Amino acid sequence: MLDLARRALANAHAPYSRFRVGACIRAGSGRLYAGCNVENAAYPVGQCAEATAIGAMVAAGDRQIVEAVIVTEGAEPCSPCGRCRQQLAEFARPDARVHLCGPEGVRATTTLGELLPLAFGPDTLGPPGARAGGPIDP
Ligand code: THU
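Residues numbered from 1 in each chain as written. Predicted model: local features only at pLDDT ≥ 70, side-chain atom pairs only at ≥ 80, totals over all residues. Heavy atoms only, no water.

Looking at the nonpolar core
As a rule of thumb, nonpolar side chains are buried together in soluble globular proteins. Counting 22 residues, the largest nonpolar core has I25, I54, M57 and I65 as its most contacted members. When contributions to this core are tallied by element, the ones reaching two or more residues are β1 (21-27), α2 (49-59), β3 (65-72), α3 (82-89), β4 (92-102) and α4 (112-115). Among residues more than four places away in sequence, those in contact with I54 are I25, I65, Q87, L88 and F91. Ranked by size, the runner-up nonpolar core spans 6 residues in total, among them L9, C24, V69 and V71. (Core = buried A, V, L, I, M, F, W, Y, C linked by side-chain atoms within 4.5 Å. Buried < 20%, exposed > 50% of the residue type's maximum accessible area, 1.4 Å probe, protein only. Helix = DSSP H or I, 4+ residues; strand = E, 2+ residues; numbered from the N terminus. Contact = heavy atoms within 4.5 Å.)

Some points on the state of the cysteines
What the rule picks out here adds up to 0 disulfides. The thiol sulfur of C24 is not disulfide-bonded, and the nearest other cysteine sulfur, from C101, lies at 10 Å. According to the relative accessible area criterion, C24 is buried, its value standing at 0%. We note that C48 lacks a disulfide partner, and the nearest cysteine sulfur, in C84, lies 3.7 Å from it. Its relative accessible area of 30% is what places C48 among the partly exposed residues. (Disulfide = S-S within 2.5 Å.)

Distances and angles like these do not, on their own, reveal function.
Written as structure tokens, this is what we have:
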């Protein structure tokens with residue numbers, strides 16, 4: 001996973017921040033999906049490495065993340081941003097392990113539950129049939 005994340009990092013498109021990120025997620029099927037950050041001249045349009053990896057996973061038909069590796073090149077371990085935590089929570093249980101890595105290897109290991117306690121997730125909405133819906137009375 002570390003190697004795939006490193007290889008994705010090498011392909012990062014980060015000309016604006018010069019902060020390259022690589023990610024690799026392991027799905028319940030055992031398949032691995034890597035991604036890098038993809039920045040944009042319109043800055044807010046940029047995409048994080050985790051989102052790229054999650055998109056590849058979903059496109060391939062997997063829906064469960066059991067483990068994630070995130071690699072950066074800075075001196076400090078890089079923790080996933082808030083948006084990425086929410087995106088991971090869509091597909092991962094709180095006990096899913098998240099490894100924060102530098103190029104040399106794992107610097108810290110945490111869980112999604114530690115990164116995003118009291119998460120708003122798919123279960124919060126309840127089963128589709130139980131949701132409020134229908135037309136709103138004028
Ligand atoms: N970035 C990620 O790819 N993942 C994160 O969890 C944090 C931030 C990217 C976004 C942007 O391209 C660069 O790092 C600097 O914020």
